[in-house]
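For reference, the chains in residue letters:
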Amino acid sequence: MQEQLDDIRRKALDELAQISNVGDLDEWRVNHLGRNGSLTTVLRQVGSLAPDERKEAGANGNKTKTLLETSLEKRTEEITNLVLEEKLKNDRIDVTLPGTPLMQGRMHPTMQTIQEITNAFVAMGFQILEGPEVEWDYYNFEALNIPPGHPARDMWNTFWVDYEDKDGNRPMLLRTHTSPMQVRTMENREPPVRVVIPGRCYRYEATDATHESSFFQIEGLTVGEGITFADLKGTLYEFARRIFGMDRQIRFRCDYFPFVEPGVDMSIDCFNCQGKGCRVCSSTGWIEIMGAGMVHPEVLRRVGYDPEKYTGFAFGMGPERIAMLRHGIEDIRLFYSNDIRFLQQF
Amino acid sequence: MRVSLKWLKEYVDFDLAAEDLAHRLTMAGIEVGSIEQIGQDWENVYVGHVTSVDTHPNADRLRLATVDLGEEKITVVCGAPNIAPKQNIAFAKIGALLTDSDTGEKSRLKAARIRGIQSEGMVCSERELGLGEDHSGILVLPEDAPIGIPLETYMGDIILDLDVTPNRPDCFGMLGIAWEVAAITGNPVNVPKNAFAETDTPISKRVSVDIMDPDLCLRYTATLIDDLKIGPSPVWMQQRLIAAGFRPINNLVDITNYVMMEYGQPLHAFDFSTLTGGKVIVRRGKTNEPMTTLDGEERTLSTDDLIIADAEHPVGLAGIIGGGPSEVTETTTSVLLESATFAHTAIRRTSSMQRVRTEASLRFEKGLNPELSIQALRRATELFVNLADGKPAKGYIDEYPGMVTIEPIQLGKNHIKRVLGIEISIEEALSIFTRLGLQASTTNPETIEVKPPFWRSDLAIPEDLIEELARTIGYDVIPITLPISPFPSHEPDPMGDLKNQIRHLMIGAGLQEIITYSLVSEEMLNLTAPENLFTPVRIWNPQSEEQEYLRTTLRANLLKTFSLNQRNVESGLKLFEIGRIYGKRDNELPEEREILAAILGGQRSELSWQGEDRDIDFFDAKGLLEHILGHFNIVATFEAAQDPVFHPGRSAVIIVENTPVGHLAEMHPNLNKKFEIDTEPVAYFELDIEAILPHIHDGNYQPATRFPAVVRDLSFIVDTETPSGSIHEMIRTFPSVVSVVLFDIYSGDQIPSGKKSCAFRVMYQNPTRTLTDDEVDIAQRQLLEKLQREIGATLRD
Ligand SMILES: [Zn+2]
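Residues numbered from 1 in each chain as written. Chains lettered and ligands numbered in written order. Predicted model: local features only at pLDDT ≥ 70, side-chain atom pairs only at ≥ 80, totals over all residues. Heavy atoms only, no water.

**Student:** When you look at the overall build of chain B in this model, what are you seeing that I'm missing?
**Tutor:** What chain B contains, in helices and strands, is 20 helices and 41 strands. For a compact globule of 797 residues, the expected C-alpha radius of gyration is about 28 Å, and chain B comes in at 41 Å, more than 25% above that figure. Its C-alpha atoms give chain B principal-axis dimensions of about 130 × 80 × 60 Å. The proportion of buried residues among the 797 residues of chain B is 52%. In the form shown here, chain B has an accessible surface area of approximately 36,600 Å², with 49% of it arising from carbon and sulfur atoms. Across chain B, the centroid of the 74 positively charged side chains sits 0 Å from that of the 118 negatively charged ones. (Helix = DSSP H or I, 4+ residues; strand = E, 2+ residues; numbered from the N terminus. Rg over C-alpha atoms; globule rule 2.2 N^0.38 Å. Buried < 20%, exposed > 50% of the residue type's maximum accessible area, 1.4 Å probe, protein only. Areas by Shrake-Rupley, 256 points an atom, 1.4 Å probe, with all protein chains shown as cover. Lys, Arg positive; Asp, Glu negative; His and termini not counted. Charge placed at Lys NZ, Arg CZ, Asp CG, Glu CD.)

Take a look at the structure:
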């Protein structure tokens, strides 16, 4: 019996080593391990042996069976791998062919700039707000210390809405700046206040390379106890560094906006020429970025804030102008041209 | 405001270079827009003296002028009618760069032979020197001009062109600028003394002034000057006026302009002989009262206009422009010289209603202090005496109904620190104020009292004074700190967050963001606006018909942008905008709603070697929309809808929890044609972002069930008209169904006409136990029965 088993084992393993395709493997399994296979036939005889031989023969038979089965598994895997390897070897592509294209969507450069700028302020504890684009004269002018007939009204050429109140006045307009939101914010909140307000504005102006009748602004307002001009400088310095680079310098000069006092204009040293003078900075080494100032006490008083207790600063800038500076765009009208060849560059 | 530095030096000394001065002024808030050099290119031009003028032997209209240049004498041919012996003139030698009087171009002077006479040089006109437009004759220089020196040394100048802010009317006068320079340099300001002798007859005997509307005229001062000799003003005055941008006319007019440039106070000279009744009446216009102004305009007045009238007629639009007959002419000998203060709002209103802006109105509408009028009046009267031999009547008219007293301002030392964040010593503050011409003193060791001078109408509160300090010491000295006040409590901005998320989702899905104008034309609204939505808001003063209304839809702008770009891309075009629409409301601000709109068309994918792709259609837009809504766990249903803008069979209303929140459609082909769009179809959707905001809920966390799901397919036939959305909904809401997908839809062969075959893959699952096959069979059968009952579905075999 033992000899028979040894014989079968030797023969089967020899055969198995010769096999090189999956179909022959199955034939081998039928020949040896199948219902009428060589091993099965021998094992069937175990029952007819004497009881003392039966146990040993059974154990040996099972051992041989296990051996053949694991050998089959191993050989199967070997052959499968060989076949696969052979198949992959012939499955070649041109890796330089273009990938399946996905359309590229992009954010409008104005929006990108607004997000970057507002994010810089959010990191300094500012909250983002928005407000109405159609406004009352009161919020756009009067509450900002610009009563009717005020000479400074000329600074903002206005689109008026075709609406007359019962007194025959035309008090509704398209906001000329985001500053009315200073008033609305303070009317609705108690100090401390720290907000940035991006939004669309409109001015009755001829359109050219640097002027658009429709444009965006970002307004900022901080009011609280103990806010000083030094804080204005610090906050805007941090903003300038985040947007224009960490080694930026800032400079303030006196300027006039009726709702701030003192009022200033902030410039940064030219990031293009590092202050040496170039086309970007009109050879001055400095680039005007925004208007700012300490909130006028009259504006505080109107919204019910006690100017003896609270001080604050406000600022306003044009994101399109900042995008133009950063990307070297020379014509503001491109932002509204919506030419996809322009938009897809950002 | 054009500031001649030579002229400025008459009031204040400074040795700063022009660029430095310009920089210092700009930093102090007086912005210098440009620096213009006069005479910089006058090389080879000298002051010369005409010793003799002889006739040209070969030409009647030409003459031979011999010019003494100190070290040499040159004889040249000259065609100017006004050349005469003993004149001082500007002489250009060969090589001088001159402006051609015909072409306006600059070229170098060459030697020339004119009608047989060699001419080596030229006597120049104003225009040839680039000084002005006059080319009627040569420029005659003053008698005391030093002969032989370069003209640039004598007449060269530097002009600073200032952009004056509306709060600083004082800087529309040379003296105002001089005070600014004084603050920078610490040098004193020389104010003109204005002394002159008067005759014995009091002015009040001959003139009366009546202010009928004292709310519009705060002060009216005037002098009366007789025996005036009209003629050209002195060359130095002409030079200064030209530098400032004025055209010299005659001595009387030039003096009023000159003093306006000096003080910032406009003046007006009336020919006294034309004032009927020796009367000046300051009054409102009468309704439809006619008046002709100096610019030749025939105007119709209203009761809003303030005018100056004599006993009978209007003689001037107050503070803006004079009226015809009262103007100074060549025969004028007596002048009533007006220096008044008008209400700035009235000047502004009339100037804008009558559409006339002048140097005078420009200054008046900023608001001038009444104290200024008398100063300027005395100065101008002095010049009338000195430069036109005038004899002023005794005294002056001074009607002053709007008397203002300038209140002193108290400025505490702490206040400075509270605003600027730095200490400024009382001594330093006092010194700065004094240099600016402000009367400042200490009332106690901590407080300064400041009385603003009459020319600084912008100073009223302590903060104004703090700005004076800051701009004088420079903002550089203020340190950089960050606010120490606590962060405000955070208030969420769900709309802003939602818009940003949607924006990023759209970009991620391959769409390009655009921003279009919110002002559109009526035509565009008629073409594209949804019916019965918003009433458009009209602009009262639109720039053009193209931008007359606030948009009530983004459709027109998206179609336009699509049309504009269709040739800029190789394949499909996918655009979106997040923007507002505006709807009129009664007596309140319009409603403004944030809309997401997307427009898609053309090839679904970009051109690729992997083969042609199908065109974008309704379902691409719908898939995109569902992708966006799905991100926020919003399930929308769609109902076929009619809108003339859209394809009648491919248009739907988007509904979320029974509320319509937008439209999804293919554009009507006729509309595409109107916008010159070649692509067909063009898919579109618009979504009211605010309307979906309330439906966004954070999904409740559900642990994944460990019991297996059973998947069965269900095919049946229904009427073609049965919306697949309602079948889908019926299946989805059936007990034990957890998801359902329509995976095939078919009509044609083997399907009766008017019917369609639908195949759904349905997934059954129970969260608490494993479903048996029998249970699923029963559920599937019951589901089919329900479909048979409700929509007449028949099982497909
Ligand atoms: Zn530069």
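**Student:** I would appreciate a short explanation of the coordination of the zinc ion in the present structure.
**Tutor:** A metal bound by six donors in octahedral fashion has ideal angles of 90 or 180 degrees, whereas one bound by four tetrahedral donors has an ideal angle of 109.5 degrees. All names here are of chain A. Coordination of the zinc ion by the protein is provided by Cys270 (SG), Cys273 (SG), Cys278 (SG) and Cys281 (SG), with metal-donor distances spanning 2.2 to 2.3 Å. Geometry at the zinc ion is tetrahedral, judged from its 4 donor atoms and the angles of 103 to 113 degrees they form at the metal. Written as a sequence motif, the donor arrangement for the zinc ion is C-x2-C-x4-C-x2-C. Of this pair, cysteine 270 sits in the loop between strand E7 (260-269) and strand E8 (286-295) while cysteine 281 sits in the loop between E7 and E8, placing them 11 residues apart in sequence. Just as cysteine 270 is buried, cysteine 281 falls in that class too. (Donors = N, O, S within 2.8 Å, 3.2 Å for Na, K, Ca; no water. Tetrahedral: all angles 85-135°; square planar, octahedral: opposite > 155°, others 65-115°.)

**Student:** Would you mind going over the environment of valine 32 of chain B with me for this structure?
**Tutor:** Residue and element names in this part refer to chain B. In this fold, valine 32 is placed in strand E2 (residues 31-38). Overall, the relative accessible area of 13% leaves valine 32 in the buried class. C-alpha of valine 32 to C-alpha of alanine 691: the two residues are 659 residues apart in sequence and 52 Å apart in space. Once you skip the residues sitting within four places of it in the chain, valine 32 turns out to touch Ala22, Leu25, Thr26, Leu160, Asp161 and Leu162. (Contact = heavy atoms within 4.5 Å.)

**Student:** Is there a simple way to explain helix H2 (residues 22-33) of chain A in this structure?
**Tutor:** For the α-helix, the turn length of 3.6 residues means that residues three or four positions removed from each other point alike. Residues and elements named next belong to chain A. The end-to-end C-alpha separation of H2 is 16 Å, in line with the 16 Å expected for 12 residues at 1.5 Å each. Among the residues making up H2, those that are buried are Leu25, Trp28, His32 and Leu33. With its buried residues spanning 85 degrees around the axis, H2 presents them on a single face. Of the surrounding elements, those touching the buried residues of H2 are helix H1 (2-18), helix H3 (38-44) and helix H4 (51-90). The N-capping residue of H2, defined by a side-chain oxygen 3.1 Å from the backbone nitrogen of glycine 23, is asparagine 21. (Expected span 1.5 Å × (residues − 1). Arc of directions from axis to C-beta. Polar contact = N/O pair within 3.5 Å; in protein donor to acceptor, adjacent residues only side chain to side chain.)

**Student:** Looking at this model, I keep getting lost on the sheet that holds strand E41 (residues 794-795) of chain B. Mind explaining?
**Tutor:** Two orientations exist for strands paired in a sheet by backbone hydrogen bonds: parallel and antiparallel. Residues and elements named next belong to chain B. In space, the 4 strands of this open sheet follow the order E39-E40-E38-E41, with antiparallel pairing throughout. A single partner strand is all that each edge strand has here, and the edge strands are strand E39 (737-746) and E41. In this structure, strand E38 (residues 710-719) lies alongside strand E40 (residues 755-764), joined through 10 bridges in antiparallel fashion. From the neighbouring strand, aspartate 719 faces E40, where its bridge partner is lysine 755. Lying over the sheet, helix H20 (residues 773-791) contacts E38, E40 and E41, oriented at roughly 15 degrees with respect to E38. (Pairing = 2+ DSSP bridges. Axes fitted to C-alpha atoms, helices over the stretch in contact; angles between N-to-C directions.)

**Student:** What am I meant to see in the domain arrangement of chain B here?
**Tutor:** Interface extent is often summarised as the accessible area lost during association of the parts. Looking at the assigned domains, one finds that chain B contains domain 1 (2-39 + 158-185), domain 2 (45-155), domain 3 (203-399), domain 4 (409-473), domain 5 (494-695) and domain 6 (710-795). Each of domain 4 of chain B and domain 5 of chain B has a C-alpha centre, and these two points are 58 Å apart. (Domains from an automatic or database assignment.)

**Student:** Looking at this structure, I do not really get the state of the cysteines. What am I missing?
**Tutor:** Each disulfide consists of one covalent bond between the sulfur atoms belonging to two cysteines. Counted under the stated rule, the structure contains 0 disulfides over all chains. The structure places no disulfide on cysteine 124 of chain B, whose sulfur is separated from the nearest cysteine sulfur, that of cysteine 78 of chain B, by 9.8 Å. (Disulfide = S-S within 2.5 Å.)

**Student:** Would you mind showing me how to read the side chain of histidine 150 of chain A here?
**Tutor:** Examined against the element boundaries, histidine 150 of chain A turns out to sit in the loop between helix H6 (137-140) and strand E3 (172-174). If near-sequence neighbours (up to four positions away) are discounted, histidine 150 of chain A is found in contact with Asn145, Tyr256 and Pro258 of chain A together with His344 and Arg348 of chain B.

**Student:** For this particular structure, what's the right way to read the domain arrangement of chain A?
**Tutor:** Looking at chain A, the domain boundaries give domain 1 (2-91) and domain 2 (110-343). Measuring from the centre of the C-alpha atoms in domain 1 of chain A to the corresponding centre in domain 2 of chain A gives 86 Å.

**Student:** Which parts of the structure should I look at to understand helix H4 (residues 174-185) of chain B?
**Tutor:** Residues and elements named next belong to chain B. For H4, which comprises 12 residues, the first-to-last C-alpha distance of 16 Å matches the rise-based estimate of 16 Å (1.5 Å per residue) to within 8%. For H4, the tally of buried residues reaches 11 of 12 residues, placing the bulk of the element in the interior. Looking at the residues trailing H4, positive phi occurs at glycine 186, about 85 degrees.

**Student:** It is not clear to me how the sheet that holds strand E28 (residues 447-451) of chain B should be interpreted in this structure. Could you clarify?
**Tutor:** Residue and element names in this part refer to chain B. Reading across from one edge, E26-E28-E27 is the order of the 3 strands in this open sheet, with antiparallel pairing throughout. Whereas interior strands pair on both sides, the edge strands pair on one side only; in this sheet they are strand E26 (409-412) and strand E27 (439-444). Looking at each pair of strands side by side, their axes are set apart by 30 degrees on average, direction ignored. Two strands pair when backbone bridges link them, and E27 and E28 are joined in this way by 5 bridges, in the antiparallel orientation. The residue bridging glutamine 439 from the neighbouring strand is lysine 451, located in E28. Contacting E26, E27 and E28, helix H11 (residues 426-435) runs over the sheet at an angle of about 5 degrees to E28.

**Student:** Would you explain the pairing of strand E5 (residues 214-224) of chain A in this entry?
**Tutor:** Residues and elements named next belong to chain A. Most of E5 sits inside the fold, with 11 of its 11 residues counted as buried. Residues of E5 alternate between two faces, with Ser214, Phe216, Ile218, Gly220, Thr222 and Gly224 on one and Phe215, Gln217, Glu219, Leu221 and Val223 on the opposite face, all of them buried. Pairing of strand E4 (residues 193-202) with E5, which is carried by 10 bridges, proceeds in the antiparallel orientation. Following the sheet pairing, cysteine 201 is matched in E5 by phenylalanine 215. In this structure, E5 lies alongside strand E9 (residues 311-317), joined through 7 bridges in antiparallel fashion. From the neighbouring strand, glycine 224 faces E9, where its bridge partner is threonine 311.

**Student:** Hey, could you run me through the interface of chain B and chain A in this one?
**Tutor:** Each partner contributes to the interface: chain B provides 94 residues, whereas chain A provides 96 residues. Carbon and sulfur atoms supply 56% of the area that chain B and chain A bury against each other, a total of about 7,800 Å² over both sides. Broken down residue by residue, the surface that chain B buries against chain A is led by Arg418, Ile515 and Leu589 of chain B, which jointly contribute 10%. Note that arginine 357 of chain B is salt-bridged to aspartate 154 of chain A, the shortest N-O span being 3.4 Å. Our count for the contact surface shared by chain B and chain A stands at 48 residue pairs in polar contact (both at pLDDT 80 or more). Ranked by the residues each element gives to the side of chain B that touches chain A, the list is headed by strand E32 (residues 573-583) of chain B, at 6 residues. In the side of chain B that touches chain A, the residues fall into 36 nonpolar, 31 polar and 27 charged. (Buried area = accessible area lost by both parts, 1.4 Å probe. Salt bridge = Lys/Arg side-chain N within 4 Å of Asp/Glu carboxyl O. Nonpolar A, V, L, I, M, F, W, Y, C, P; charged D, E, K, R; others polar.)

**Student:** Sorry, what's going on with a negative patch on the surface here?
**Tutor:** On the surface, Glu522, Glu523, Glu545 and Glu546 of chain B cluster together into a patch of negative charge. For glutamate 522 of chain B, the position within the fold is in helix H14 (residues 522-528). (Patch = residues over 30% accessible without salt bridge, like charges linked within 9 Å, V, L, I, M, F, W, Y side chains within 5 Å.)

**Student:** Explain the pattern of salt bridges here, please?
**Tutor:** Charged atoms that come close allow side chains of opposite charge to pair. Summed over the entire model, instances satisfying the criterion amount to 75 salt bridges over all chains. Two residues, aspartate 269 of chain A and arginine 248 of chain A, come together in a salt bridge whose shortest N-O distance is 2.7 Å. Of this pair, aspartate 269 of chain A sits in strand E7 while arginine 248 of chain A sits in the loop between helix H8 (229-244) and strand E6 (250-254), and the two are 21 residues apart along the sequence. Here arginine 219 of chain B ties to aspartate 398 of chain B by a salt bridge, and the two come within 2.7 Å at their closest N and O atoms. Of the two residues, arginine 219 of chain B sits in strand E15 (residues 217-226) while aspartate 398 of chain B sits in strand E25 (residues 397-399), which places them 179 residues apart along the sequence. Assessed through its relative accessible area of 5%, arginine 219 of chain B is described here as buried.

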